[in-house]
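# Summary of structural features
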Amino acid sequence: MTHTSWIALQTIVIREVRRFTRIWAQTILPPAITMTLYFIIFGNLIGRQIGDMSGFSYMEYIVPGLIMMSVITNAYSNVVSSFFSMKFQRCIEELLVAPVPNYIILLGYVAGGVARGLAVGFIVTIVSLLFTDLQIQHLGIVVSVVLLTAVLFSLGGFINAIYANKFDDISIVPTFVLTPLTYLGGVFYSIELLPEVGQIASKINPILYMVNAFRYGVLGVSDVHIGVAYGMIFLFIAVLFTFSLHLLNKGVGIRN
Amino acid sequence: MTTALTIDSLRKVYANKFEALKGVSLQVEEGDFFALLGPNGAGKSTTLGIVSSLVNKTSGEVKIFGHDIDRDPVQAKLNLGVVPQEFNFNQFEKVEDIVMTQAGFYGIPTAKARANVEKYLRELGLWDKRDQQARMLSGGMKRRLMIARALVHDPKLLILDEPTAGVDIELRRSMWRFLQEVNAEGKTIILTTHYLEEAEALCRNIAIIDKGEILEHSSKRELLSKLNQETFILDLHAAPENTPQLEGFEVRLLADGHIEVDAVSGRNLNQAFIQLEQQGLKVKSMRNKANRLEELFVRMVNDERQANTRQAGEAS
């Protein structure tokens, strides 16, 4: 990477971080409140009736899943809303006329998404400590999985933004794809509770691997093999990164 | 002399099969103040969009100071500053942040960027507004903000797409002065404008484009020499009842009592005054009806359209 590109990358990341911190009441606060409600209602009130899951209290079991859920949704929504707004306001032209390589544009937006995903994930983790003690089993796995997951869903948000033509288009995927996959991805339950068909169906859901890899890092238990989880995450990142770069190089959605 | 911009056989066919550019070729020399003129939909913005990397071309070649925009995009873009027709900055960002960010996109280190931002915001009268959100600026200030942003990396070629559209006369004149200073410092300027008075006042070379083709590409002096007729508006002491008949001149009586006189270049206007005097009409004052370039532009575009209509008629 040249010095010029490095400064351009820093500039994009700083602008992205400045954007989501400037509107913190829309970006940081809502997930913190939502997750607090999840902890109170599902973890505390309902969780007491449910009993243990995989040898842990229900509250302990769902904390890693809820942290991952906030990382996933925030990394995705940061990139999709920021990049689409740039397209909508035509500010994207500021980048297109400048000598910024496409991979730098992509890295910049992904870094912005990762920053918001991690910021919200950190806040949700702090909130969770009010309800339970977290004894992290594998710190390296926790850090790497949360980082890679944020990268993956930032890329997903980027592709969504590239194809979006109106504001409706940036809410369709999060509402009808991301949320169901997250809820069915083992955030609230172990897939061992499902019938065999349900277990097989769950294993084609990529979010299951991320949630379980993260849960393995925190609690030391997982419904899937950790190596398979890493493999899935890297595979998806490689595919989505290549596809995003291809779209940028072709100018899809941003150049006539 | 170095060529600032070379456009060769540029074609653009949009997805809906509309052929916006049909093999446009242009050259703009370093240091020039160049106007690209044409009616709405002629292909001006598409041409500049391709040069600025905002529009994908179908075929052809574009070089900025010898750097091909496909093979050497970084060097080509470093030499280019763009002021688009429509506001394209984040309205919620502060004025200073918008220009600083653009400097960052060009890889300018922070200290140098701050100096450039201050220089251009001061020169364009926006330094006092640097902490305001862009949406709070007036239309004229927003245009000046885009000029400051385009200059922050000190490009050698500045492209402005209708920079004074919707700007009041006073501000337009001050922007002209600023652009003339920028040009005098050695920067090449290309502009499109609907105000032909603007092109006539500022530019040395002109290209006229219509329906994706260059109709004319020469110096302003050469272009104006092709204009062999001028129209004058004469204010008479007393409005005539009928249109005065002047031998050798076309005359029209206007509703306000003024008369319009068409004179072929080189024709002695005294002949018109003498004939008016003989008819008992005294001239109080006289002025040109419109700027000369506007007349030429309208004539060229109309001639081309009439020729096309004739060809279509013959073909059918």
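### Some remarks on the overall build of chain A
Helix and strand counts for chain A stand at 11 helices and two strands. Along the chain direction, N to C, the helices and strands of chain A fall in the order α-α-α-β-β-α-α-α-α-α-α-α-α. Relative to a compact globule of 256 residues, whose C-alpha radius of gyration would be 18 Å, chain A shows 19 Å and is just as compact. If you line up chain A on its principal axes, its C-alpha atoms span 60 × 35 × 35 Å. Put simply, chain A has 256 residues, and 52% of those count as buried.

### A closer look at the sheet that holds strand β4 (residues 59-64) of chain B
Residues and elements named next belong to chain B. The sheet built from four strands is open, its strands ordered β2-β1-β4-β5 with antiparallel pairing. Both edges of this open sheet fall to β2 (19-29) and β5 (67-68), since each of them pairs with a single strand only. Pairing of β4 with β5, which is carried by two bridges, proceeds in the antiparallel orientation. Bridge pairing in β5 places Lys63 opposite Asp68. Sheet contacts for helix α1 (residues 44-51): β1 (3-13), β2 and β4; angle to β1, the most-contacted strand, approximately 115°.

### A look at helix α11 (residues 226-250) of chain A
Residues and elements named next belong to chain A. The end-to-end C-alpha distance of α11 is 36 Å, a good match for the 36 Å that 25 residues give at a rise of 1.5 Å each. Listed as buried for α11 are Ala229, Tyr230, Ile233, Ile237, Leu240, Ser244, Leu247 and Leu248. Looking one or two residues past α11, Gly251 carries a phi angle of roughly 80°, positive in sign.

### A short note on the pairing of strand β8 (residues 188-192) of chain B
All names here are of chain B. Burial of β8 is extensive: five of the five residues sit out of reach of the surface. Residues Thr188, Ile190 and Thr192 point to one face of β8 and Ile189 and Leu191 to the other, with burial holding for every one of them. Direction of pairing for strand β3 (residues 33-37) relative to β8: parallel, over a ladder of four bridges. The residue bridging Ala35 from the neighbouring strand is Leu191, located in β8. Pairing of strand β7 (residues 157-161) with β8, which is carried by five bridges, proceeds in the parallel orientation. Looking at β8, one finds that Ile159 is bridged to Ile190. Of the crossover connections in this fold, the one passing from β7 over helix α6 (residues 169-184) to the parallel β8 is right-handed.

### A word on the pairing of strand β10 (residues 213-219) of chain B
All names here are of chain B. As judged from the six bridges shared by strand β9 (residues 205-210) and β10, these two strands associate in the antiparallel manner. Considered in β10, the bridge of Ala207 is made with His217. Between β9 and β10, which follow one another and run antiparallel, lie two residues, and Lys211 among them has a positive phi close to 50°.

### Notes on helix α4 (residues 58-88) of chain A
All names here are of chain A. Between its terminal C-alpha atoms α4 stretches 44 Å, which fits the 45 Å expected from 31 residues at 1.5 Å a residue. Most of α4 sits out of view: 25 of its 31 residues are buried. Just beyond α4, the residue with positive phi is Arg90, at close to 65°.

Basis of the calculations
Residues numbered from 1 in each chain as written. Chains lettered and ligands numbered in written order. Predicted model: local features only at pLDDT ≥ 70, side-chain atom pairs only at ≥ 80, totals over all residues. Heavy atoms only, no water. Helix = DSSP H or I, 4+ residues; strand = E, 2+ residues; numbered from the N terminus. Rg over C-alpha atoms; globule rule 2.2 N^0.38 Å. Buried < 20%, exposed > 50% of the residue type's maximum accessible area, 1.4 Å probe, protein only. Pairing = 2+ DSSP bridges. Contact = heavy atoms within 4.5 Å. Axes fitted to C-alpha atoms, helices over the stretch in contact; angles between N-to-C directions. Expected span 1.5 Å × (residues − 1). Right-handed = clockwise from strand over helix to strand, strands pointing away.

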